[in-house]
Amino acid sequence: MAKRKTSSNAGPDVILIGAGIMSATLGVLLKELQPDITIDIYERLDVAAAESSDAWNNAGTGHSAFCELNYTPEHPDGSIETAKAVKIAESFEISKQFWAFLVEQGFLSDANFIRPIPHMSFVWGDANVEYLRKRFEALMQSHLFHGMKYTEDPDQVANWVPLVMEGREPSQRVAATRMDIGTDVNFGALTRAMFYQLQRMEGINLYFAHEVRDLWRSKSQGGWKIRVENVTTGDVRDVRAGFLFIGAGGGSLRLLEKSDIPESRGYGGFPVSGQWLKCLNRDIIERHQAKVYGKAAVGSPPMSVPHLDTRMINGKKELLFGPYAGFSTKFLKHGSYMDLPKSIQMTNIAPMLMAGLHNVPLTRYLIQQVFQSPDDRLSALRDYFPNASMEDWELEVAGQRVQVIKKDEEEGGVLEFGTEVVSAADGSIAALLGASPGASTAVSIMLDLLKRCFPEQMQSEPWQRKLKEMILSFGKSLAKDAQLTQQVREYTSRVLDLPNIEPIPEVTR
Ligand SMILES: Cc1cc2nc3c(=O)[nH]c(=O)nc-3n(C[C@H](O)[C@H](O)[C@H](O)COP(=O)(O)OP(=O)(O)OC[C@H]3O[C@@H](n4cnc5c(N)ncnc54)[C@H](O)[C@@H]3O)c2cc1C
């Protein structure tokens, strides 16, 4: 356990609850922006990034909307919505710039946490092929997707991903897109590397095996107080800080409820657990080199889109298929079955019930997923890898997601699939709820949080200067500027040791 390097009766400037990628990103941003800041970080487990941020608990996709079909829904008139895809692609470029800055500064010792893996979408059947073609054409309107390839030629798909085509019914109509500049990110390694450096810095104290039990506004001193228990010794103490970030992943909702800020009312959580099939056969693992995302089954939630994923975990190539969704009342993988019941309060019971009523197909889907047999799982895998046999795969438990339920004027309560920052009007406390697109967009999410909670400092000349130094495109729109996109991608490719990017035509002309 870390020892306090400074003793301050007044407490730190900032407390971060949870040692996942969100707290790591916020901690590093704050320390870069204000080097004399003091931060305490409390983590209930005895290592960082052991929940959703761990490499085996998430899919490690650097979400850029290159391959994820749920970010490009089809409108009833048949047109394809691309606004969300553009936003996510831009957010990931912001993350890459920040990580490149940290590598260049020597804060991160290497860029092994991010490796190039082509991102592919793969579909079959006339309607899905038509959708993918329209999606491709729509995305081609934005330079952020320049370099994407589209094919309906089975031989071309077989050339890109042989496992996907071997043993497939030859008459089946297929289509695929491929983006060579996709990435796999080991968010666990990245998070741990950030905390490793952070805890060596003056004014930072990272406490493992410390669980935050309660929190309340400090009326006498201002800011927030937390009650934290050392889970090894049972010792309990109260700590105060001017700013409190609840980055507790699935644990955030219950802590936010304890704050009792008006902004927290009406929020609830719906837990969705996940499982993967992990490939054990090295020959198979070596024969696949892509993240291949498909289309979600009708009625299934967007985060359960199946994908056959090459992963690079701690220098070793791996292959995962999934996720298979499931239902558990736990909010954290290492949590308690009482998490869901305990999160239900007078202020959120109505939105939770209404969201439940509006999402009967989802509930039905999750129940059906829970009762899947090994044969059912194999059958889902064979949609993507027709020659698969179960003896080459083992089932692993993925991270736990808590989807946001929020109050809605019209519907009473709605279930959301994104992430949401909830903060108090005075900016003294913020919490991150939700799961997707998550870790890939951590930097944009935390920049948004800083704008809300540190508005004056964010406008100040020193912070603005530093932000532009860390993120070349800060304050500008990559979606509107092809030249800047090219410049940023060349920079991040060079520093993060990713393949050279294909020049964007508007820039080369
Ligand atoms: C199955 C799955 C697949 C995913 N795939 C992707 C993907 O491909 N790409 C992507 O970008 N994102 C993906 N995500 C989302 C991504 O993993 C998360 O958005 C991200 O890891 C969340 O980080 P976090 O720091 O908020 O939470 P976490 O990493 O969960 O960290 C929260 C920490 O808080 C601690 N904590 C909780 N309660 C307390 C308490 N009371 N006191 C002290 N500590 C506490 C926990 O122990 C934990 O260490 C996926 C998630 C899942 C579950």
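Residues numbered from 1 in each chain as written. Predicted model: local features only at pLDDT ≥ 70, side-chain atom pairs only at ≥ 80, totals over all residues. Heavy atoms only, no water.

(A) A look at helix 12 (residues 374–382). Considered for burial, the residues of helix 12 that qualify are Arg377, Leu378 and Leu381. Each buried residue of helix 12 sits inside an arc of 100 degrees when the element is viewed along its axis, so together they form one side. Buried residues in helix 12 make contact with strand 13 (268–279), strand 15 (307–313), strand 16 (316–326) and strand 17 (393–397). (Buried < 20%, exposed > 50% of the residue type's maximum accessible area, 1.4 Å probe, protein only. Helix = DSSP H or I, 4+ residues; strand = E, 2+ residues; numbered from the N terminus. Arc of directions from axis to C-beta. Contact = heavy atoms within 4.5 Å.)

(B) The arrangement of the site of the ligand in detail. Neighbouring residues of the ligand: 38 residues in total, closest Glu43, Ser53, Thr61, Pro437 and Ser440. Between arginine 44 and the ligand, the recorded distance is 3.2 Å, taken from a backbone N or O atom to a nitrogen atom. Here an oxygen atom of the ligand and a side-chain polar atom of serine 53 are 2.5 Å apart. For the ligand, the protein covers 96% of the area, taking 1,000 Å² as the surface of the free molecule. (Near = heavy atom within 4 Å. Polar contact = N/O pair within 3.5 Å; in protein donor to acceptor, adjacent residues only side chain to side chain. Areas by Shrake-Rupley, 256 points an atom, 1.4 Å probe, with all protein chains shown as cover.)

(C) Highlighting the pairing of strand 19 (residues 412–416). Strand direction decides the pairing type here: strand 18 (residues 401–408) and strand 19, joined by five bridges, are antiparallel. When the sheet's bridge partners are listed, isoleucine 405 is paired in strand 19 with leucine 415. Where strand 18 folds back onto strand 19 in an antiparallel hairpin, the turn is made up of three residues. (Pairing = 2+ DSSP bridges.)

(D) Representation of a nonpolar patch on the surface within the structure. A cluster of nonpolar residues, Ile344, Ile349 and Leu353, forms a patch on the protein surface that exposes about 270 Å² of accessible area. Relative to the assigned elements, isoleucine 349 resides in helix 10 (residues 349–358). For isoleucine 349, a relative accessible area of 38% translates into the label partly exposed. (Patch = residues over 30% accessible without salt bridge, like charges linked within 9 Å, V, L, I, M, F, W, Y side chains within 5 Å. Salt bridge = Lys/Arg side-chain N within 4 Å of Asp/Glu carboxyl O.)

(E) Structural detail: the packing of aromatic side chains. Inspection of the entire model under this criterion finds 13 aromatic pairs. Between the aromatic rings of phenylalanine 385 and tryptophan 393, the centroid separation amounts to 6.3 Å while the plane-to-plane angle is 65 degrees, which identifies the pairing as edge-to-face. Here tryptophan 393 falls in the buried class, since its relative accessible area comes to 5%. Looking at lysine 295, its charged tip hangs above the ring of tyrosine 131, at a distance of 4.4 Å from the centre. Positioned over the ring face of tyrosine 337 is lysine 330, at 4.7 Å from the centre of the ring. (Phe/Tyr/Trp six-rings, centres within 6.5 Å; stacked < 30°, edge-to-face > 60°. Lys NZ or Arg CZ within 6 Å of the ring centre and 35° of its normal.)

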